[in-house]
Amino acid sequence: MSDGKLVGIVLVSHSAEVAASVAELAKGLAGGGTEVPVAPAGGTEGGGLGTSAELIAAAAASVDRGAGVAVLTDLGSAVLTVKALLAEGDELPGNTRLVDAPFVEGAVAAVVTAATGADLTAVETAAAEAYTYRKM
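None of these values were measured; they are calculated from a predicted model.

Could you clarify how one ought to interpret the sheet that holds strand β2 (residues 38-42) in this entry?
As summarised here, the arrangement of the four strands in space is β2-β1-β3-β4, forming an open sheet in which the pairing is parallel. The sheet is open, and its two borders are formed by β2 and β4 (96-98), each paired with just one other strand. Ignoring strand direction, the axes of neighbouring strands in this sheet form an average angle of 20°. Where strand β1 (residues 8-13) and strand β3 (residues 69-73) come together, five bridges link them in parallel fashion. Across the sheet, residue valine 12 finds its bridge partner in β3, namely threonine 73. Against the sheet, helix α1 (residues 16-29) makes contact with β1 and β2, and its axis sits at roughly 160° relative to β2, the strand it touches most.

Conventions and cut-offs
- Each chain has its residues counted from 1, following the order in which its sequence is written.
- Predicted model: local features are reported for residues with pLDDT of at least 70 only, side-chain atom pairs are reported and counted for 80 or more only, and whole-chain, interface and lining totals are derived from all residues.
- Water and hydrogen atoms play no part in the side-chain values, which are based on all heavy atoms of the structure.
- Pairing between strands is defined by DSSP: at least two bridges between the two strands are required.
- Under the DSSP-based scheme used, a helix requires at least four consecutive residues in state H or I and a strand at least two consecutive residues in state E, with every element numbered from the N terminus.
- Throughout, an axis means a line fitted to C-alpha atoms (over the contacting stretch in the case of helices), and angles, computed between N-to-C directions, take values from 0 to 180 degrees.
- Contacts were defined at the residue level, with two residues in contact if any of their heavy atoms lie within 4.5 Å.

Here it is in structure tokens:
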């Protein structure tokens, strides 16, 4: 468990609308109560499709409460952009992790788990376990 600080969540999509909608969905499904810091980082600065290192870094800084930041991505180049930022070492908050999880289900699991006050490892595990959710 954390010391009262909540893990921040960043949702990186190639579309600003998708990132914002998944953030809204995850926060809504997490219910009331504790307000998990969630930020979408979608599209480019000009509003186009793609990913932006600057938008991702700003989103991560905005959700950092000292308990770590979990970053979930939608597609390949978003993963590469986050990996590049992590490799640079000074662009993202210190305890930031790229989480290997399905984008929508993982985001919901991450936000719900973070709302309990869980630490970054528990949030990452919950999001990754979303790969096992069966729909049949």
